[in-house]
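Listed below are the residues making up each chain.
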Amino acid sequence: MGRSHIDRLTNRTQGAEVVAVADMVDALVEKGAAIAGPNCKKYKSEADLINDPAVDAVFIVTPGFAHKEALLLAIKAGKRIFCEKPLCTTAEDCLEVIDAEVKSGKHLIQLGFMRRYDKGYNEVKAALDSGEYGSPLLLHCTHRNPEVPDSYTTAMAVHDTAIHEIDVTHWLVNDDFVSAQVIMPKVTKYAHAELADPQLMILQTKSGIVVEDEVFVNCKFGYDINCHVVCEDGVIEMPQPLYPTYRKNAQITQTIDTDCFVRFHDAYDDEVQNWVNDAAEGIIGGPNAWDGYLAAITADALVRAQTSGKVETIKPAQEKPAFYD
Ligand code: ISE
């Protein structure tokens, strides 16, 4: 993911230059810096990179558990931040980061929930916001991956995978989630011994809208993302990427992508270009740290529901700071 962002910033983003790369592993620093070009500085310590006066803004693309430390360092240094999801791995850590950002008085953090930049989701959002279809009542989503490594756990189906629907559906319907439930169907023969796959996750918002997300990470056939919104006056179905259909041997076939980098290629590019453009005005136009906190408490409730089998409550520990209005 880090190298993907270095490539994006270097080769496909206007107004940004990767001036330094840091990683604990020397070989990874070399690989990253090689993409950025000969003038790119190389660091072992993230603190040294963050505090380098030549660095105006930072990308945090470490594993989730390491985000908090880097976020706090970057806030202290007053640097603009793009942080890959999740904000932090616990809700408490998210609040600590939020507190630091609010105290700094500057809007610094944008989170990597790239689906908000996808053309299809934006078309659904525009249709919903037009009011033409009435209020949304029910959303059917699928998040299917062809396969996952053996290190992927049942909880990761929430933290790594459903986290995208948690954020994007919250953004689509503009209503906070209040409860979570997970139904575990029969397990596919392709799941490794410890993994429950597929899972049906059900979220409900304050006004009663239900979001139902099928997470199936060993579906084998492709990377298949769907979103179907049932409204009072009609149904909106998110468009799929445009590929030709082929007719041959009494069959019609069409390509399905096989990974998120292809499926959301343009969304990744747009989120980063927008983050760079917004820097001139000192604003964060995309998902912010409060969105990261709401996603974290929703994910926590889903993980509790995976084992309890019950409907779990989602309640923020504090009101949204006016800073994020
Ligand atoms: C991965 O981290 C992603 O962000 C992908 O979009 C998701 O489909 C996959 O399940 C995750 O592991």
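Residues numbered from 1 in each chain as written. Predicted model: local features only at pLDDT ≥ 70, side-chain atom pairs only at ≥ 80, totals over all residues. Heavy atoms only, no water.

For the protein, an unreviewed UniProt entry supplies the name Inositol 2-dehydrogenase/D-chiro-inositol 3-dehydrogenase and the organism Mitsuokella multacida DSM 20544. Quoted verbatim from the Sequence similarities (unreviewed entry) field of the UniProt record, the comment on the protein reads "Belongs to the Gfo/Idh/MocA family." (UniProt positions renumbered as here; feature names shortened; annotations may be inferred.)

Peer 1: Describe the overall build of the protein, naming the residues involved and giving the relevant values.
Peer 2: Of regular secondary structure, the protein possesses 10 helices and 14 strands. Compactness check: the protein gives a C-alpha radius of gyration of 20 Å against a globular reference of 20 Å for 325 residues, within 12% of the reference. Within the protein, the 49 negative side-chain charges are centred at a point lying 3 Å from the centre of the 30 positive side-chain charges. (Helix = DSSP H or I, 4+ residues; strand = E, 2+ residues; numbered from the N terminus. Rg over C-alpha atoms; globule rule 2.2 N^0.38 Å. Lys, Arg positive; Asp, Glu negative; His and termini not counted. Charge placed at Lys NZ, Arg CZ, Asp CG, Glu CD.)

Peer 1: Pulling in residues and values, what's your account of the UniProt feature "domain: Gfo/Idh/MocA-like oxidoreductase C-terminal" (unreviewed entry) in the protein?
Peer 2: The positions UniProt marks with the feature "domain: Gfo/Idh/MocA-like oxidoreductase C-terminal" (unreviewed entry) are residues 125-310. With 34% helix and 27% strand, the stretch residues 125-310 has end C-alpha atoms that lie 31 Å from each other.

Peer 1: Describe in detail the packing of aromatic side chains, supporting the description with residues and values.
Peer 2: Scanning the entire structure with this criterion turns up 7 aromatic pairs. With centroids separated by 5.0 Å and ring planes inclined at 45°, the aromatic side chains of Trp-290 and Tyr-293 adopt a geometry described as tilted. In this pair, Trp-290 and Tyr-293 are both assigned in helix H10 (residues 289-308), 3 residues apart and thus about one turn of the helix distant. Exposure remark for Trp-290: the relative accessible area of 6% places this residue in the buried category. On the basis of an interplanar angle of 90° and a centroid distance of 5.0 Å, the ring pair of Phe-323 and Tyr-324 is categorised as edge-to-face. Across the pair, exposure class does not vary: Phe-323 and Tyr-324 are buried alike. Among the aromatic residues, those joined into a cluster by ring pairs are Phe-59, Phe-82 and Trp-275. Above the ring of Trp-171, the side-chain terminus of Lys-125 is found at 5.3 Å from the ring centroid. A cation over an aromatic ring shows up here: Arg-263 above the ring of Phe-264, its NZ or CZ 4.5 Å from the ring centre. (Phe/Tyr/Trp six-rings, centres within 6.5 Å; stacked < 30°, edge-to-face > 60°. Buried < 20%, exposed > 50% of the residue type's maximum accessible area, 1.4 Å probe, protein only. Lys NZ or Arg CZ within 6 Å of the ring centre and 35° of its normal.)

Peer 1: Can you explain H10? Please cite residues and give values.
Peer 2: Owing to its 3.6 residues per turn, the α-helix brings residues three or four apart onto one side. In a regular helix each residue adds 1.5 Å, so 20 residues correspond to 28 Å; H10 covers 29 Å between its end C-alpha atoms and thus fits that length. Most of H10 is tucked away, with 15 of its 20 residues classed as buried. The backbone nitrogen of Trp-290 lies 3.0 Å from a side-chain oxygen of the residue at the head of H10, namely Asn-288. Gly-309, located one to two residues past H10, shows a positive phi value of around 70°. (Expected span 1.5 Å × (residues − 1). Polar contact = N/O pair within 3.5 Å; in protein donor to acceptor, adjacent residues only side chain to side chain.)

Peer 1: An account of the sheet that holds strand E3 (residues 57-60) is needed here, citing residue identities and associated values.
Peer 2: Strand order in the open sheet formed by 3 strands is E3-E4-E5, and the pairing between neighbours is parallel. A single partner strand is all that each edge strand has here, and the edge strands are E3 and strand E5 (109-111). Pairs of neighbouring strands in the sheet enclose a mean axial angle of 15°, with direction left out of account. Across 4 bridges, E3 lies against strand E4 (residues 80-83) in parallel orientation. Within E4, the position partnered with Ile-60 by the bridge is Cys-83. Strands in contact with helix H4 (residues 67-76) are E3, E4 and E5; relative to E4, the strand with the most contacts, it is inclined by about 165°. (Pairing = 2+ DSSP bridges. Axes fitted to C-alpha atoms, helices over the stretch in contact; angles between N-to-C directions. Contact = heavy atoms within 4.5 Å.)

Peer 1: Lay out the domain arrangement of the protein in plain terms, naming residues and giving numbers.
Peer 2: Taken domain by domain, the protein comprises domain 1 (2-114 + 271-279) and domain 2 (117-263 + 289-324). Interface area, domain 1 with domain 2, both sides summed: about 1800 Å², of which 71% is carbon and sulfur. Connecting domain 1 to domain 2 are 0 salt bridges. Inspection of the region where domain 1 meets domain 2 yields 5 residue pairs in polar contact (both at pLDDT 80 or more). Among the elements of the structure, helix H5 (91-104), E5 and helix H9 (265-279) are those that each provide at least two residues to the side of domain 1 that touches domain 2. The greatest single-element share of the side of domain 1 that touches domain 2, amounting to 6 residues, is contributed by H5. In terms of residue class, the side of domain 1 that touches domain 2 is made up of 10 nonpolar, 5 polar and 4 charged. (Domains from an automatic or database assignment. Buried area = accessible area lost by both parts, 1.4 Å probe. Salt bridge = Lys/Arg side-chain N within 4 Å of Asp/Glu carboxyl O. Nonpolar A, V, L, I, M, F, W, Y, C, P; charged D, E, K, R; others polar.)

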